[in-house]
Amino acid sequence: KDLKILEDKNLLFRTRGGGSINNPYAVDRPINEKEFINTDVKQSIAKKAIELIGNTDSIMIGSGTTAYEFAKALHATKNLTVITPAVKVGLELSDRPNMDVFLLGGMIRKNSSSVAGSHAIRTLEEISCDILFIGVDGIDLDFGVTISNLPEASLNQKMIETAQTVVILADSSKFDRRGLGKICGLDQVHYIITDNKVSDHTVRAITERGIKVILA
């Protein structure tokens, strides 16, 4: 009750188990702005993500700056099919040898340089892939995994249904935050790759749910 009163006075934000002076809700910022935030961390996460590909024949890469860093670090040594809604990812990989790129179609959102909408969702109904690598705006232990845009949330939900394995790429700033659109519960996630600034408590809580946490 006391926390509710303080929140009504704009003195704090209520969070799981308490309150915080930091806003826990993610904002839909342009990709060109987010690209320069925590760049070194995102690159380290990308390198760890590549280790999961193994003998995979097909992968899907979502939108966002961490996913884009993963695409930049990706150098296939065998034939690999990449499916993506992200224009920048598609352009980055379009001339890589031994790599076929399938770019989903639809209306391009300027903030993310990624497509969204029913056309892309319908295309995914005829596709299956091994691993999805996806960036997010928020990971909340109670609410689940979120991004800050609703149209893209619907597309990401379909991408998760399409993949056999779901890998979340998220730096530590994304934990205990919520975006506007929920894309899945933690029970649908197989791996989370993040940096070592995530608290031990959070790592334990996630691993207890059967999710593999990899620290970059």
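Refer to the structure above for everything that follows.
Residues numbered from 1 in each chain as written. Predicted model: local features only at pLDDT ≥ 70, side-chain atom pairs only at ≥ 80, totals over all residues. Heavy atoms only, no water.

(A) Structural view of helix α8 (residues 200-207). Listing the buried residues of α8 in full gives T202, V203, A205 and I206. All buried residues of α8 project into a common sector of 165° when viewed along the axis, lining one side. (Buried < 20%, exposed > 50% of the residue type's maximum accessible area, 1.4 Å probe, protein only. Helix = DSSP H or I, 4+ residues; strand = E, 2+ residues; numbered from the N terminus. Arc of directions from axis to C-beta.)

(B) Local environment of the packing of helix α3 (residues 39-50) against helix α4 (residues 65-73). Remark: α3 packs on α4, axes separated minimally by 8 Å, with the N-to-C direction vectors making an angle of 55°. Judged by the angle between their axes, α3 and α4 are oblique. The interaxial crossing formed by α3 with α4 has right-handed handedness. For the pair α3 and α4, contact is made by T39, K42, Q43, I45, A46, A49 and I50 and by T65, T66, E69, F70 and A73, respectively. (Axes fitted to C-alpha atoms, helices over the stretch in contact; angles between N-to-C directions. Parallel < 35°, antiparallel > 145°, perpendicular 65-115°, else oblique. Left-handed = near helix turned anticlockwise from the far one by under 90°. Contact = heavy atoms within 4.5 Å.)

(C) Molecular detail of the pattern of salt bridges. Evaluation of the coordinates by the stated rule reveals 6 salt bridges. Taking the shortest distance from any N to any O, the salt bridge between D140 and R178 comes out at 3.4 Å. Of the two residues, D140 sits in strand β9 (residues 138-140) while R178 sits in the loop between β11 (163-169) and β12 (181-184), which places them 38 residues apart along the sequence. On the basis of relative accessibility, which here comes to 7%, the residue D140 falls in the buried class. Linking D171 and K174 is a salt bridge whose minimum nitrogen-to-oxygen distance equals 4.0 Å. Grouping residues by exposure puts D171 and K174 together as buried. (Salt bridge = Lys/Arg side-chain N within 4 Å of Asp/Glu carboxyl O.)

(D) Inspection of the sheet that holds strand β4 (residues 80-84) at higher detail. The 7 strands are arranged β5-β4-β3-β8-β11-β13-β14 in an open sheet whose pairing can be described as parallel. Edge positions in the open sheet fall to β5 (99-103) and β14 (212-215), since each of these has one partner strand only. Neighbour-to-neighbour, the strand axes of this sheet turn through a mean angle of 20°, independent of strand direction. Across 3 bridges, the pairing between strand β3 (residues 58-61) and strand β8 (residues 129-135) is parallel. (Pairing = 2+ DSSP bridges.)

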